[in-house]
Amino acid sequence: MRTALVIGTGLIGTSAALALVSRGVVVHLADHDPEQARTASALGAGTDEAPQGPVDLAIIAAPPAHVAAALADAMRRGVARGYLDVASVKGGPRRELEALGLDLASYIGSHPMSGREKSGPLAATGDLFEGRPWVLTPTRDTDTEVLNLALELVSHCRAVPVVMDADAHDRAVALVSHMPHLVSSMVAARLENAEEAAVRLCGQGIRDVTRIAASDPGMWIDILSANPGPVADLLTDVAADLGETVQALRSLQSSDEAKRREGVSGVEDVLRRGNAGQVRVPGKHGSAPLVYEVVAVLIDDQPGQLARIFADAGRAGVNIEDVRIEHATGQQAGLVQLMVEPKAAPVLSAALRERGWAIRQ
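Predicted model, so just to flag it, every value in this text is computed and none were measured. (Residues numbered from 1 in each chain as written. Predicted model: local features only at pLDDT ≥ 70, side-chain atom pairs only at ≥ 80, totals over all residues. Heavy atoms only, no water.)

## A closer look at empty space enclosed by the protein
Within this structure, the stated rule accounts for one cavity of 30 Å³ or more. Estimates place the volume of the largest cavity at around 30 Å³. In terms of residue class, the lining of the largest cavity is built from one nonpolar, two polar and two charged. (1 Å grid on protein atoms, 1.4 Å probe; cavity = no way out; pocket = protein on both sides within 12 Å on 5 of 7 lines; lining within 4 Å. Points joined across faces, edges and corners; volume = space filled by probe spheres on them. Nonpolar A, V, L, I, M, F, W, Y, C, P; charged D, E, K, R; others polar.)

This is the structure:
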């Protein structure tokens, strides 16, 4: 791939453009808002000048509701040898293109499974997709050349290609992305009118659950409008679990011992099923999840503290598998949770204590 045209210079489009430019591809940028394309160009994502002829690959990075129209326009103008979109829903856009009577041999659907809570070109980064799955949804009509161009794009972005059927993809993202986002928003909505004293008690648990609720509602309206059925089916199941859990909790309030036992059983059931589902979430580098030991270190909120901890862990010969930071409310301090292999935990704890760090048991 020597040339590409990115149509839509938001977070995903600009991030893909930055990755391609870093690999020597000449990238042209276009957007319905010319100022946004100029911003992406100023960031080094390519040129906002139109290409002189057909490029190798046109990447449509428009919202799901506008993907089919943008693709149809680009294909009718013949701007590229191959066409690819990066929308988070795949079945709908393809059916819309088929209804328009377009030859889809030069088109392949795709979805990079990466993003941020922020949107727009200023949030873009050339390593956004590194190590992340990038779904491709070819059909029997897809030209081999177009599939190869898509694979080259994924490679340039250092992502991991995953080939799926379009409708299977839509059901999958409803489960792992779209439904969880709505649930996160529903939990976060409980905080809107909560008492300030209660909100000040927020810890890492509520931060984890509500993090994605900070995303742009307009963007999510577009996404959910393109995949409402599978999401509604999943929420129906969640609603059934929620109803049973509410009933079980009410039973725990009963003075009847048998009812309380039923309540314990009901709550325990949903917690255990949650355990069974959580362990299926892929672990480091997509491998089976591992159980890590946590070494908790108290730190001051000052520059260089994390660098010192990591350097001291390195001197001890311990690899940090993951890290989380819980900030103390009202204090310039925090708790760094270092996840390490169980056999490495006592080694790391001893080494950090020796170097003056306060370890929380």
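On we go.
## Focus: the sheet that holds strand E5 (residues 107-112)
In a beta sheet, neighbouring strands are held together by backbone hydrogen bonds and run either parallel or antiparallel to one another. With mixed pairing, the seven strands of this open sheet are ordered in space as E2-E1-E3-E4-E5-E6-E7. Each edge of the open sheet is held by one strand with a lone partner, namely strand E2 (26-30) and strand E7 (160-163). Adjacent strand axes in the sheet meet at a mean angle of 25 degrees when their direction is disregarded. With five bridges connecting them, strand E3 (residues 55-60) and strand E4 (residues 80-85) associate as parallel partners. Pairing of isoleucine 60 across the sheet is with aspartate 85, part of E4. Taken strand by strand, helix H3 (residues 64-77) contacts strand E1 (3-7), E3, E4 and E5, and its axis lies near 180 degrees from that of E4. On the sheet, helix H5 (residues 144-156) packs against E3, E4, E5, strand E6 (133-137) and E7 and is oriented at approximately 60 degrees with respect to E4. (Pairing = 2+ DSSP bridges. Helix = DSSP H or I, 4+ residues; strand = E, 2+ residues; numbered from the N terminus. Axes fitted to C-alpha atoms, helices over the stretch in contact; angles between N-to-C directions. Contact = heavy atoms within 4.5 Å.)

## Thoughts on the side chain of serine 254
Its location among the elements puts serine 254 in the loop between helix H10 (228-252) and helix H11 (257-278). Of the polar contacts made by the side chain of serine 254, one reaches the backbone nitrogen of aspartate 256; its length is 2.9 Å. With residues up to four places along the chain from it excluded, the contact list for serine 254 reads Lys259 and Arg260. (Polar contact = N/O pair within 3.5 Å; in protein donor to acceptor, adjacent residues only side chain to side chain.)

## Details of the packing of helix H4 (residues 91-99) against helix H6 (residues 166-189)
For the pair H4 and H6, the least separation of the axes is 8 Å and the interaxial angle reads 145 degrees. Residue-level contacts link Gly91, Gly92 and Arg95 of H4 to Ala166, Asp167 and Asp170 of H6.

## Topic: the side chain of lysine 90
Relative to the helices and strands, lysine 90 resides in the loop between E4 and H4. Judged by its relative accessible area of 1%, lysine 90 is buried. In this structure the side chain of lysine 90 is engaged in a polar contact, spanning 2.8 Å, whose partner is the backbone oxygen of serine 110. Leaving out residues up to four positions away in the same chain, lysine 90 has contacts with Asp85, Gly109, Ser110, His111, Thr137, Ala166, His169 and Asp170. (Buried < 20%, exposed > 50% of the residue type's maximum accessible area, 1.4 Å probe, protein only.)

## Examining the packing of aromatic side chains
Across all of its chains, the model carries one aromatic pair by this definition. The interplanar angle of 55 degrees and the centroid separation of 5.0 Å between the aromatic rings of phenylalanine 129 and tryptophan 134 together place this pair among those described as tilted. For phenylalanine 129, a relative accessible area of 1% translates into the label buried. (Phe/Tyr/Trp six-rings, centres within 6.5 Å; stacked < 30°, edge-to-face > 60°.)

## Quick look at the pattern of salt bridges
Overall, the coordinates contain 14 salt bridges when judged by the stated rule. With its nearest N and O atoms 3.1 Å apart, the salt bridge here joins arginine 273 to aspartate 241. Taken together, the residues arginine 273 in helix H11 and aspartate 241 in helix H10 connect sequence positions 32 residues apart. A residue is classified by how much of its surface remains accessible, and arginine 273, at 39% relative accessible area, is partly exposed. The salt bridge involving arginine 272 is made with glutamate 268; its shortest N-O contact spans 2.9 Å. A residue pair is termed a helical-turn pair when its members lie 3 or 4 positions apart in one helix, as arginine 272 and glutamate 268 do in helix H11 at four residues. Judged by its relative accessible area of 53%, arginine 272 falls in the exposed class. When its relative accessible area of 37% is taken as the criterion, glutamate 268 is described as partly exposed. Linked by salt bridges that have partners in common, Asp56, Arg81 and Glu145 make up one network. (Salt bridge = Lys/Arg side-chain N within 4 Å of Asp/Glu carboxyl O.)

## Here we look at the environment of valine 267
Secondary-structure assignment places valine 267 in helix H11. Along the chain, valine 267 and valine 176 lie 91 residues apart, while their C-alpha atoms are 23 Å from each other.

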